[in-house]
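In case you want the letters, here they are:
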Amino acid sequence: MIWGYVFGVGGSPPTPIKLNMDDYCHALITGASGSGKSYALLYLSGSLLQSYPEIEIFFCDFKKSTDFAFLKGYSYYYGGDDCYTGVMKFYEKFCTSRKRGSNSRRRLLIFDEYPAFINYLSMKDKADKTKKTNDVLSVIAEVLMLGRGIRYGVWIVTQRADASLFANGARDNFMIVVGLGRMSKEQKTMIFAGEEMPQRIFQRGEGMLLADGHAITEVKYPKINGISNWKNHIIAILKKYECIADLGQDAP
């Protein structure tokens, strides 16, 4: 799938960044408010489904963004408090696939505004005397560490990628890291440790991408022409494949 475009130099056209899901199933997308994370995620979701239409996506949208309101009605869309249910249902399928030792169908958990959800859940745990925060942190860590071999992936979208959000050092298991917009020195060190960064100010939808085995590169997400059609394309593909029974044969 296309993970964005490298800036064109001297008037040359931008070059697509192509990475496959088998080797790059886990991604961390980070940037301050207004950096273009939601737009990039919308672009990437469509790009993903163009390359892997059969993938089963669990989409957790904690803030119930208008950008992803078109997903309401899709079986694996979860907003607000329901994000906990979404994570645990994804984990149920993950555990089933692990016991079986294989999984012919790709599955992906996309979590937008993940830190805000963790903070909210922590407060709820204190009030309700529950341990749901640890449940979610443990699930994300386990999938990051073990998911690749059975075709399970995680995309986390966050303003900050603090290590406390990823149990047992699981943050190191992201194969793709995208930093968008104006990043603080602390944020650059956090996600791009040891990498040389260009001295330029990135606009909305622009930033840096680091993929395992590749040099860090500038990345830009193009304008989506006909955004309504783009969203219709996403939901149409998701709904086409959402009713496929999982009876030991995951493939369509």
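Residues numbered from 1 in each chain as written. Predicted model: local features only at pLDDT ≥ 70, side-chain atom pairs only at ≥ 80, totals over all residues. Heavy atoms only, no water.

### So, the environment of Ala27
Part 1 of the argument: Residue position: Ala27 is located in strand 3 (residues 27-31).
Part 2 of the argument: For Ala27, a relative accessible area of 0% gives the class buried.
Part 3 of the argument: For the pair Ala27 and Val157, spaced 130 residues apart in sequence, the C-alpha to C-alpha distance is 8.5 Å.
Part 4 of the argument: Other than its neighbours up to four places away in sequence, Ala27 contacts Trp3, Val154, Trp155, Ile156, Phe174 and Ile176. (Helix = DSSP H or I, 4+ residues; strand = E, 2+ residues; numbered from the N terminus. Buried < 20%, exposed > 50% of the residue type's maximum accessible area, 1.4 Å probe, protein only. Contact = heavy atoms within 4.5 Å.)

### As for the confidence of the model for the protein
Part 1 of the argument: For the protein, mean pLDDT is 91; residues scoring 70 or higher make up 95% of the total.
Part 2 of the argument: When mean pLDDT is compared element by element in the protein, strand 5 (residues 77-79) scores highest at 98, while helix 5 (residues 185-191) scores lowest at 87.
Part 3 of the argument: Taken together, the stretch residues 246-252 has pLDDT below 50 and engages in 16 contacts with residues farther than four places along the chain or on a different chain. (pLDDT = per-residue confidence, 0-100.)

### Here's the deal with the pairing of strand 10 (residues 217-220)
Part 1 of the argument: As judged from the four bridges shared by strand 9 (residues 206-211) and strand 10, these two strands associate in the antiparallel manner. From the neighbouring strand, Met208 faces strand 10, where its bridge partner is Glu218.
Part 2 of the argument: In sequence, strand 9 turns back onto strand 10 through a hairpin of five residues, with Gly213 there showing a positive phi of about 85°. (Pairing = 2+ DSSP bridges.)

### Quick look at the nonpolar core
Part 1 of the argument: Counting residues in hydrophobic clusters, the biggest one holds 89 residues, and the most contacted among them are Trp3, Tyr114, Trp155, Phe166 and Tyr221.
Part 2 of the argument: The leading source of residues in this core is helix 1 (residues 37-51), at eight residues.
Part 3 of the argument: What Tyr114 contacts, discounting residues up to four positions off in sequence, is Val136, Leu137, Ile140, Ile156, Val157, Leu165 and Phe166. (Core = buried A, V, L, I, M, F, W, Y, C linked by side-chain atoms within 4.5 Å.)

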